[in-house]
Amino acid sequence: MTSDEALVLMRSVLRQVAPEADLDEVGEGETLQEALDLDSIDFLNFVIGLAEATGLEMPERDYDQLSTVAGCVHYLSTSH
Amino acid sequence: MPSLGADMEAGKVTQWLVKPGDQVHRGDIVAVVETEKSTIEVEIFENGTIDELVVAEGERVPVGAVLARLSARGPELVPGEAPPAPAPPLPPESVAHEGGRRPSTPVAPPSAPTHPLEAHHAAVVSPLVRHLAEQLGIDPGVLSGTGPGGTVTRADVERAVGAPREVEPLRAQTGRRGPSSPFARRLSSELGIDLAALRGTGPRGAVTEKDVRLAALAARPKETTPQEATNEDRQAAMRRAIGALMARSKREIPHYYLSTTIDLSAAASWLEQANLERPVADRLVMATLLFSATARAVKRVPEMNGFFIDGNFVPSGAVHLGVAVSQRTGGVIAPAIHDAERLELEELMTRLTDLVKRARVGRLRSSEMSDPTITVTNLGDLGVDEVFGVIYPPQVALVGFGRMKERPWAEGGVLGARPCVVVTLAADHRVSDGMRGGRFLTEIDHLLQEPGKL
């Protein structure tokens, strides 16, 4: 998956989890949870959405990496 | 019009999912109602046949008003008899369905009139997407969603507009004839659209109402999106509704507040272990444990669980745990997880995830909105240490969990760091006092020390 594809996927999953949230509002170094007011259940739904779309397992220890835009893009583009 | 939360005074029927003659069963979703705070799917609590829809789509009526009439027996309408036309003042959307059928109903085979809801059930649509679909004259109920879980996405709607023929057979069944319908002609003159310039997508190239609306939409300058104005109105209405209820709570309920810091080491390591073996969709979050402990604890301290009505406390046998969900557009709603104290953690997690998801996209059900017996808020997820709650009348208690974080913890003369959470209780002094409240918090603590038993 390219970085652009990863971003597209993140956006589409995020739209289902939090329709009003906008990925562009997330600053560099900010976590999705902070920037978009995602609670733990929203974030889990986000991870579930990514896992379903990619078939990746996404263990809990990877959640930190998935919680920033750059980290998530890197994770998706290197492991899928 | 059911009361969908104590702060609701009126609601607007935005969509009927049934029509006269339809058979309905207890639990079927029959209408979509918009309140100041959310969009709710209204369930029916009787079996029977719809005789009459009293309130038209788009109409706003107070709580308690009759929405529809139902007869307990089988259908009374003879086949072929047209259902009564809805009363005037109708919004244009309704006039468009002058054939007496919603455009979505033809997708159900005529031989199966008892399940008119299935087509709608298949389509999960967020309010934003639904709004877009309405603007474009598309019925999202007939689209097959490509989003997660079959959700109809913005892209699905846009695609349907781009390929009108995909949905047009449904419109064709409403029996429009000729190059343009009288309604399309009237609409076009109202909207200032030149009918001759339009390419018709209807049967035999007829210009349909939708073609006119699409042309009008395309001609409209981008800045004036009516959606934004509506959202602003709704925001204001929502703040008023919340304000009125919270003012009533502060005025009538003599609150008292207690707090306890709970060591979550046992819960956290149990959770980590449990999640190691689980695929992502089955994983639990700490909130599930906290909520389960709350629901089980309140069963043992019944003064916290129920309603204060007409000067008396009415305890509830069941624990319907209201979960405060903040809406990203502002405001908070607290739908209920029914019989939460009896649910296994996995089931509670599933319900919680589903509830939060639906709360976000505005697809809660009426039964969830009307009867929480105690409310819990997990605001700590978003970073605060403690929550000082305001009770939702007529409930008598609200439990708040702060953020789970490592804190210094002294035990047996040894100082260490442990994951902790501060749990707070706001309770009603008319019903209980601090000792019982303290007992309740202690119960929650004890239950969280043995997470395997939850």
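Residues numbered from 1 in each chain as written. Chains lettered and ligands numbered in written order. Predicted model: local features only at pLDDT ≥ 70, side-chain atom pairs only at ≥ 80, totals over all residues. Heavy atoms only, no water.

Chemist: What am I meant to see in the packing of helix α3 (residues 40-54) of chain A against helix α11 (residues 345-361) of chain B here?
Modeler: Describing two packed helices takes the angle between their axes plus the distance from one axis to the other. Remark: α3 of chain A packs on α11 of chain B, axes separated minimally by 10 Å, with the N-to-C direction vectors making an angle of 95°. In terms of their interaxial angle, α3 of chain A and α11 of chain B are classed as roughly perpendicular. Here α3 of chain A contributes I41, D42, L44 and N45 of chain A to the contact with α11 of chain B, which in turn contributes M349, L352, T353, V356, K357 and R360 of chain B. Among the residues forming the contact of α3 of chain A with α11 of chain B, the class breakdown is 5 nonpolar, 2 polar and 3 charged. (Axes fitted to C-alpha atoms, helices over the stretch in contact; angles between N-to-C directions. Helix = DSSP H or I, 4+ residues; strand = E, 2+ residues; numbered from the N terminus. Parallel < 35°, antiparallel > 145°, perpendicular 65-115°, else oblique. Contact = heavy atoms within 4.5 Å. Nonpolar A, V, L, I, M, F, W, Y, C, P; charged D, E, K, R; others polar.)

Chemist: What exactly am I supposed to notice about the nonpolar core here?
Modeler: In summary, soluble globular proteins display a tendency toward joint burial of nonpolar side chains. Among the nonpolar cores identified, the biggest contains 97 residues, and F46 and L50 of chain A together with F291, M304, F440 and I444 of chain B are the most heavily contacted of them. Each of domain 1 (10-231) and domain 2 (255-453) of chain B gives at least three residues to this core. In terms of nonpolar packing, the next biggest core, distinct from the first, is built from 10 residues, M238, I242, I253 and A426 of chain B among them. (Core = buried A, V, L, I, M, F, W, Y, C linked by side-chain atoms within 4.5 Å. Buried < 20%, exposed > 50% of the residue type's maximum accessible area, 1.4 Å probe, protein only. Domains from an automatic or database assignment.)

Chemist: Honestly, the interface of chain A and chain B in this entry has me stumped. Any pointers?
Modeler: Interface size is often expressed as the accessible area that is lost when the parts come together. Listed per partner, the contact involves 23 residues of chain A and 24 residues of chain B. Both faces combined, the contact of chain A with chain B buries some 2200 Å², and carbon together with sulfur accounts for 60% of it. Counting the surface chain A buries against chain B, the share from its top three residues, Q16, E20 and I41 of chain A, is 29%. For the pair chain A and chain B, the interface holds 0 salt bridges. Linking chain A with chain B are 4 residue pairs in polar contact (both at pLDDT 80 or more), by the criterion used here. Within the residue set of the side of chain A that touches chain B, elements represented by two or more residues are α1 (3-17) and α3 of chain A. For the side of chain A that touches chain B, the element with the most residues is α3 of chain A, which contributes 8 residues. Taken together, the residues that form the side of chain A that touches chain B break down as 14 nonpolar, 3 polar and 6 charged. (Buried area = accessible area lost by both parts, 1.4 Å probe. Salt bridge = Lys/Arg side-chain N within 4 Å of Asp/Glu carboxyl O. Polar contact = N/O pair within 3.5 Å; in protein donor to acceptor, adjacent residues only side chain to side chain.)

Chemist: Sorry if this is basic, but what is going on with the sheet that holds strand β2 (residues 23-24) of chain B here?
Modeler: Consider a sheet: its strands pair through backbone hydrogen bonds, and that pairing is either parallel or antiparallel. All names here are of chain B. Within the open sheet, the 3 strands sit side by side as β2-β5-β7. Their pairing is antiparallel. If you trace the sheet from one side to the other, it starts and ends with β2 and β7 (68-71), each paired once. Bridging between strand β5 (residues 48-53) and β7 involves 4 bridges; their strand directions are antiparallel. When the bridges of β7 are listed, L53 appears paired with A68. (Pairing = 2+ DSSP bridges.)

Chemist: Could you clarify how one ought to interpret the side chain of R407 of chain B in this entry?
Modeler: All names here are of chain B. Mapped onto the elements, R407 comes out in strand β20 (residues 405-411). Buried charge without a salt bridge: R407, with D385 as the nearest opposite-charge side chain at an N-O distance of 4.0 Å. Not counting residues up to four positions away in its chain, the partners in contact with R407 are T261, D385, G416, A417, R418, C420 and V422. (Lys, Arg positive; Asp, Glu negative; His and termini not counted.)

Chemist: Hey, could you run me through a nonpolar patch on the surface in this one?
Modeler: Residue and element names in this part refer to chain B. Together, L379, L382 and V384 make up an exposed nonpolar region whose accessible area comes to about 210 Å². Considering the arrangement of structural elements, one finds V384 in the loop between β18 (374-377) and β19 (397-401). Exposure remark for V384: the relative accessible area of 35% places this residue in the partly exposed category. (Patch = residues over 30% accessible without salt bridge, like charges linked within 9 Å, V, L, I, M, F, W, Y side chains within 5 Å. Areas by Shrake-Rupley, 256 points an atom, 1.4 Å probe, with all protein chains shown as cover.)

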